[in-house]
Amino acid sequence: MPQFTNTYFDNASTGWPKPPEVADAMAEFVRNTGGTYGRAAYQRVYKTSSMIEECRDELAKVIGVGESGNIAFTQNATHAINTVLFGLNLHDCEVLVSPLEHNAVMRPLERLRETSNVRWKVLPAKEDGTIIPEQIPGIITDLTRLVIVNHESNVNGVIQPVEKIREFIGNIPLLVDTTQSLGSVSFEGDKWGVDFIAFTGHKGLLGPTGTGGFYVRNPELLSSLIFGGTGSRSESMEMPLFAPDKFEAGTHNTVGIAGLLAALKNRPEQDWNSSDFNGLIAQLQQVSGVRVLTAELQ
């Protein structure tokens, strides 16, 4: 009987297959750990809280930042981006965006345009969407309050020169959406001077859906988006003012974070390289009737 390979090409939507340790860790948590994060003082809570802090530490390594306590968990990157955009209290200003932003960015910006007079302009770019950093100063104005860059496009694979972009925007805050890139493309948040980093757990990191979050260099810049229980300062009616608690109201997705931690600690080895990928693109471009939309091949 012929053998068939289950070939999966939809990693822009979600990463698959996951490392087997992901399912094992999630099942182990449900069966034998339990407990919430920071809500009490007994062994299961200690174990759960330690697991979540370990996951923060592992994420800090992947996004290249030194302060893991400034990483907040959310249900996905969309939630993370909304927390940043609405937490900045933007109004009567403009935001610069790459030409390849996801609706996770553009729809919140459209809402801010309707409610807070926040206008957006597209950064100068090449035909494939690659930003031209040297031309950015020409569109910055006194009203520019934020620059948003999709690190890697889910449409054509363009990878933006984040470090170079930082060089040409000066001290304007920079939000980078790493949804598509994290786990497959290196990222140096501290070195590149990124102020906000949004990520998801279920794509390149190969964790479960329902996991994600963001890093904020200066938590004081952001207001809380959602209000509720945190397990800290419970005697107060006000949200805690310190990170990550001010951004993590409600019970964490502890099962999902257990799976994400397992994914971070059990990364599969990549068995292809850029030459293989470029060869595939070249062959697809030779197929009659097929038009391939791609970034400039490196």
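Above this text sits the structure in question.
K.L.:
Could you give an account of the environment of glycine 229, naming the residues involved and the relevant values?
P.N.:
Relative to the assigned elements, glycine 229 resides in the loop between β7 (212-216) and α7 (254-265). Counting along the chain gives 21 residues from glycine 229 to glycine 250, while the straight-line C-alpha distance between them is 5.2 Å.

K.L.:
Before we move on, could you go through the layout of surface pockets and cite the residues and values that matter?
P.N.:
Here the largest pocket is characterised by a volume of approximately 2,000 Å³. In terms of residue class, the lining of the largest pocket is made up of 20 nonpolar, 17 polar and 10 charged. As a volume, the second largest pocket reaches approximately 280 Å³. Surrounding the second largest pocket, 20 residues form its lining, Phe73, Thr74, Gln75, His79 and Ala249 being those nearest its centre. Counting only elements with at least two residues in the lining of the second largest pocket, the list comes to β1 (71-74) and α3 (77-87).

K.L.:
A description of the sheet that holds β7 should follow, citing residues and the corresponding values.
P.N.:
Across the sheet, 7 strands lie side by side as β1-β7-β6-β5-β4-β2-β3; this open sheet has mixed pairing. The strands lining the two open edges of the sheet, one partner per strand, are β1 and β3 (118-122). Pairs of neighbouring strands in the sheet enclose a mean axial angle of 20°, with direction left out of account. Inspection of the sheet shows strand β2 (residues 93-97) paired to strand β4 (residues 144-150) by 4 bridges, in the parallel sense. Bridge pairing in β4 links leucine 96 to valine 147. This element, helix α2 (residues 43-63), spans β1, β6 (196-200) and β7 of the sheet and lies at about 110° to β1.

The rules behind the values
Residues numbered from 1 in each chain as written. Predicted model: local features only at pLDDT ≥ 70, side-chain atom pairs only at ≥ 80, totals over all residues. Heavy atoms only, no water. Helix = DSSP H or I, 4+ residues; strand = E, 2+ residues; numbered from the N terminus. 1 Å grid on protein atoms, 1.4 Å probe; cavity = no way out; pocket = protein on both sides within 12 Å on 5 of 7 lines; lining within 4 Å. Points joined across faces, edges and corners; volume = space filled by probe spheres on them. Nonpolar A, V, L, I, M, F, W, Y, C, P; charged D, E, K, R; others polar. Pairing = 2+ DSSP bridges. Axes fitted to C-alpha atoms, helices over the stretch in contact; angles between N-to-C directions. Contact = heavy atoms within 4.5 Å.

Bear in mind that shape data such as this cannot, by itself, settle questions of function.
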